[in-house]
Amino acid sequence: MKKVLLVGNGAREHVIAETLKRSPQEVHIIAYGKAKNPGIAALADRYEIGPLNTFEQLKKLAVEEKPDFAIIGPDDPIADGAADALLEVEIHSVAPLKTVARLESSKSFTRDLLGKYNVPGNPKFKVFYNGEGIEDFIRNELGEDFVVKADGLMGGKGVKVSGEHLHSIEEGVLFAKQCIEKFGRVVVEEKLIGEEFSLMCFCDGTHIIPMPAVQDHKRAYNGDEGPNTGGMGSYSDANHLLPFITEKDIEEGVEITKQTAQALFKETGVLFKGIMYGGFIATKNGSKLIEYNARFGDPEVMNVLPILKTDFIEICEAVIGGTLDKIKIEFEKMATVCKYIVPEGYPNDPIKGAKIEIGKFPPAVKMYYSSVDQKEDGIYMSSSRALAFVGIAGTISDAEKIAASALSSVSGQVFFRDDIGTDALVQKRIDHMKQIRG
Ligand code: AMP
Ligand code: GLY
């Protein structure tokens with residue numbers, strides 16, 4: 001029997017719990033989160049509610065339960081040192097220690113790391129610690145196409161892109177100075193033009209193994225309109241590429257990730273054990289790095305774990321033990337589409353605490369609970385993404401139809417994007433990339 005401590009209470013952790021339970025080994029799950037996720041609760045042997053920003057209660061639970069290992073899902077506790085806290089009580093995690101979690105929590109750290117160790121994939125960039133030279137750098141080195149990035153976790157709201165959120169160099173300089181005031185530094189970089197893809201890799205500190213590529217959809221509304229969100233939905237293709245992403249694009253992403261893992265160890269002396277999730281963009285000059293995350297992507301994890309063929313327990317043990325080179329990790333050759341149901345007003349002005357009813361939906365659809373709380377009289381949303389539906393089929397088009405067939409089963413004050421994974425939207429991406437590659 002294997003006992004796993006699972007930290008986090010979103011859809012990411014729900015699909016992790018499901019995948020643990022699919023292991024041929026007997027698995028007991030000890031769940032720890034800040035609310036009761038009914039999907040995880042149904043799979044767990046024990047469910048404890050507690051804070052994710054302090055770790056005393058978590059450590060106490062670990063000491064009591066003595067799990068074989070832990071999996072920490074969300075970015076904030078990883079950045080704050082949850083894996084370090086668990087290691088103090090001799091529990092190893094599939095999640096990096098704080099020192100190497102800076103790969104996600106500090107954008108300047110990552111840009112500087114790639115620069116220092118000559119890892120390919122960086123755009124032209126500069127880190128500023130005061131206002132001096134920002135305007136010159138933008139005007140003389142970048143021109144019209146620039147991006148300003150706050151250097152802290154801001155839930156996707158700390159990045160402003162010229163032409164979208166910033167309408168002049170002056171606005172860019174002003175935002176950069178505000179970022180310096182808040183975090184002490186700011187990253188200013190070249191705006192990259194292309195199609196984005198998520199490439200998540202299992203990493204044991206030395207070896208990396210990629211998962212199928214996924215495309216997330218950050219904008220709130222159909223047609224990629226509206227504010228940025230945590231991700232409204234995502235898809236992956238049966239050949240593990242994307243219809244507009246080539247094998248070469250993926251190989252470059254894998255190579256950048258491999259070299260980044262090596263650079264990270266050289267720089268810190270600490271092995272990164274967890275998920276290295278690169279947000280890449282395929283440009284006319286190849287794959288470039290937008291950012292790294294130090295965890296599974298949400299929703300992207302719901303595209304990859306349901307088609308994982310290999311025993312997930314074995315993978316987790318190899319991540320912790322440094323033996324990923326000894327195992328073969330396989331995914332089914334299937335396409336997947338994930339669509340999120342979110343509260344009205346999400347992300348800027350979401351209603352909070354509204355009740356939802358989930359009716360019947362076709363059995364082919366997978367459903368994962370996200371930011372909901374199960375109370376005695378039903379399921380209540382928080383102010384964030386609530387439920388995800390996933391379709392799996394031979395093509396993206398068919399997987400989309402499966403996921404979409406469940407959307408109308410939810411009643412309450414909710415909305416969703418109905419264009420994610422449709423033929424029309426995928427074709428738009430293909431045409432965009434064709435135009436860029438020339
Ligand atoms: P990040 O938090 O770094 O993932 O940035 C959020 C979003 O901003 C990304 O998903 C991109 O759409 C966009 N973005 C970030 N950096 C760049 C860049 N250098 N060029 C173009 N878009 C970017
Ligand atoms: N899919 C976006 C994220 O997990 O950060």
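This text goes with the structure placed above it.
A brief look at the structure comes next. Bear in mind that the values here come from a model prediction, so they are computed numbers and not experimental data.

A separate point is the overall build of the chain. Broken down by element type, the chain carries 14 helices and 25 strands. A compact globule built from 438 residues should have a C-alpha radius of gyration of about 22 Å, and the chain, at 21 Å, falls within 12% of that. With the principal axes as the frame, the chain shows a C-alpha extent of 60 × 45 × 40 Å. Scored against the burial criterion, the 438 residues of the chain give a buried share of 58%. Here the analysis covers contacts within the chain between residues at least 6 apart in sequence; of these, 69% occur between residues at least 24 apart. Surface accessibility of the chain: about 17700 Å² in total, with carbon and sulfur atoms responsible for 48%.

Attention now goes to the packing of helix α6 (residues 98-105) against helix α7 (residues 107-116). The description of two packed helices rests on the angle between their axes and on the distance between the axes. At a minimum axis separation of 6 Å, α6 and α7 run at an interaxial angle of 95°. By the angle between their directions, the pair α6 and α7 is classed as roughly perpendicular. Contacts between α6 and α7 involve R102, L103 and S105 on the former and, on the latter, K107, F109, T110 and L113. Among the residues forming the contact of α6 with α7, the class breakdown is 3 nonpolar, 2 polar and 2 charged.

Of all 11 residues making up helix α1 (residues 11-21), 10 are buried, and the element is well covered by its neighbours. Those residues of α1 that sit buried are A11, R12, E13, H14, V15, I16, A17, E18, T19 and L20.

Residues in contact with ligand 2, as listed here, are D216, G230, Y277, R295, G297, D298, P299 and E300. Contact between ligand 2 and D216: a nitrogen atom at 2.8 Å from a side-chain N or O atom of the residue. One of the backbone nitrogen or oxygen atoms of D298 is found 2.9 Å away from an oxygen atom of ligand 2. Across the complex, the protein chains shield 88% of the 200 Å² of accessible surface that ligand 2 would expose by itself. A class-by-class count of the residues in the shell around ligand 2 yields 2 nonpolar, 2 polar and 4 charged.

In this structure, I71, F202, F296, M302 and F312 are the most contacted members of the largest nonpolar core, which totals 90 residues. It is helix α12 (residues 312-321) that provides the largest number of residues to this core, a total of 7 residues. The next biggest cluster of nonpolar side chains, apart from the first, holds 19 residues, and it includes L5, L52, I91 and A95.

One way to put it is that α6 packs onto helix α10 (residues 247-268) with a least axis distance of 10 Å and a crossing angle of 130°. Taken together, the axes of α6 and α10 are oblique relative to one another. In this structure, α6 meets α10 at a crossing whose hand is right-handed. Together, T99, V100, R102 and L103 of α6 and T260, L264 and T268 of α10 make up the contact between the two elements. Its residues assigned to classes, the contact of α6 with α10 comprises 3 nonpolar, 3 polar and 1 charged.

Here the focus is the sheet that holds strand β7 (residues 146-150). Strand order in the open sheet formed by 4 strands is β6-β9-β7-β8, with antiparallel pairing between adjacent strands. Each edge of the sheet is formed by a strand with only one pairing partner; in this case those strands are β6 (125-128) and β8 (159-161). Put simply, the sheet's adjacent strands are angled 15° from each other on average, direction ignored. By the bridge criterion, 3 bridges tie β7 to β8 in an arrangement that is antiparallel.

Conventions and cut-offs
Here, residues in each chain are numbered from 1, in the same order as that chain's written sequence. All chains are assigned letters beginning with A, and all ligands numbers beginning with 1, in the order in which they are written. Given that the model is predicted, a residue must reach a pLDDT of at least 70 before its local features are reported, and side-chain atom pairs must reach 80 or more before they are shown or counted; all residues, however, enter totals for whole chains, interfaces and linings. Side-chain numbers here rest on the full set of heavy atoms in the structure, without hydrogens or water. Only runs of H or I of at least four residues qualify as helices and only runs of E of at least two qualify as strands under DSSP, and these elements are numbered from the N terminus. As defined in this context, the radius of gyration uses C-alpha atoms, and a globule is described by 2.2 Å times the residue total to the power 0.38. Each residue is assigned to one of three classes by its accessible area relative to the maximum for its type, calculated with a 1.4 Å probe on protein chains only: buried under 20%, partly exposed between the two thresholds, exposed over 50%. Throughout, a contact is declared for two residues whenever any of their heavy atoms are within 4.5 Å. Surface accessibility in these figures is a Shrake-Rupley result with a 1.4 Å probe; residues are shielded only by whichever protein chains are displayed. Note on definitions: angles span 0 to 180 degrees between N-to-C directions of axes, and those axes are lines fitted to C-alpha atoms, for helices only across the stretch in contact. Our angle categories are set so that under 35 degrees counts as roughly parallel, over 145 as roughly antiparallel, 65 to 115 as roughly perpendicular, and the remainder as oblique. Here the nonpolar group is Ala, Val, Leu, Ile, Met, Phe, Trp, Tyr, Cys and Pro; Asp, Glu, Lys and Arg are the charged ones; every other residue, Gly included, is treated as polar. For this description, a residue counts as near a given molecule or strand if any of its non-hydrogen atoms is within 4 Å of it. Polar contact is defined as a pair of N or O atoms within 3.5 Å, subject to the rule that within protein one atom must be able to donate a hydrogen and the other to accept it, and that residues adjacent in sequence are counted only when both atoms are side-chain atoms. Among buried residues, the Ala, Val, Leu, Ile, Met, Phe, Trp, Tyr and Cys ones that are joined through side-chain atoms within 4.5 Å form a nonpolar core. Throughout, a crossing is termed right-handed when the near helix is turned clockwise from the far one, and left-handed when it is turned anticlockwise from it by less than a right angle. One bridge is not enough; two strands pair if DSSP finds at least two bridges between them.

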